[in-house]
Amino acid sequence: MPQSFQSKFPNTRVIIDCMEIQMERPASPKYQGITYSNYKSRNTMKVLVGVSPAGLVTFLSDVSGGRAPDKEITEKSGLLQLLEPGDEVMADKGFLIEHSLASIGVKLNVPPKLGSSPQMPARNLEVTRRIAELRIHVERAIGRARNYQILNGVFPLSMSGLASHIVRVCFLLTNFDEPLVH
């Protein structure tokens, strides 16, 4: 485990985030609704990405429609079944999975919320900074996968049946790049 994690978050098993991939607009209104992302304002597929503290992609969910909440994708992905009591998961504050993880003895490390105060307390700023400097590894892994044109452009509907496999291959190929963490 890299020193940066050993000293601050030594029990971190995985850093997670969701990636959205733009896709062609489905003809069916039902599938348009399932894939329309309010966040991206277009039709997308979403995949949960898990990166080890060493920077390797270690977990990928199957793709979901862009409308699916991160919590739902995480809970249906099978990731929770791979975690053990005492593990810690690092994510951004949009992952509302603290109760799901707590029920299996796993801690969620996310930046603290601002709350009702207009200014974040200094202690919370430090925690946010410490998490952000380590959580960036999953963002960098996602950035590497976007180097593959099929994940960076508009994903063709004709290949939607293969989407999970294509995403998995692209991400796993990034594990052969230079290490994200030294």
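The structure contained in this document is the topic of the report that follows. Computed from a predicted model, the values in this text were never measured in an experiment.

Calculation criteria
- All residue numbers refer to positions counted from 1 along the written sequence of the respective chain.
- Where totals are concerned, whole chains, interfaces and linings use all residues; where local detail is concerned, this predicted model gives features only for residues with pLDDT of at least 70, and gives and counts side-chain atom pairs only at 80 or more.
- The side-chain figures draw on all heavy atoms in the structure; neither hydrogens nor water molecules are used.
- A run of H or I in DSSP becomes a helix once it reaches four residues, and a run of E becomes a strand once it reaches two; helices and strands are each numbered from the N terminus.
- For the exposure calls, accessible area comes from a 1.4 Å probe over protein chains only, and a residue counts as buried if that area is under 20% of its type's maximum, exposed if over 50%, partly exposed in between.
- Strand pairing follows a simple DSSP-based rule, namely that at least 2 bridges must link the two strands.

### With respect to unusual backbone geometry
Okay, so step 1: The phi angle at Ser 41 is positive, at roughly 55°, despite the residue not being glycine.
Okay, so step 2: As for its placement among the helices and strands, Ser 41 is situated in the loop between strand E2 (36–37) and strand E3 (42–51).

### Description of the pairing of strand E1 (residues 12–22)
Okay, so step 1: In terms of residue burial, E1 counts as a mostly covered element, since nine of its eleven residues are buried.
Okay, so step 2: Two elements, E1 and strand E6 (residues 88–90), share three bridges in a ladder whose sense is parallel. Counted as the bridge partner of Ile 15 is Met 90 from E6.
Okay, so step 3: As judged from the eight bridges shared by E1 and E3, these two strands associate in the antiparallel manner. Looking across to E3, one finds that Ile 21 is bridged to Met 45.

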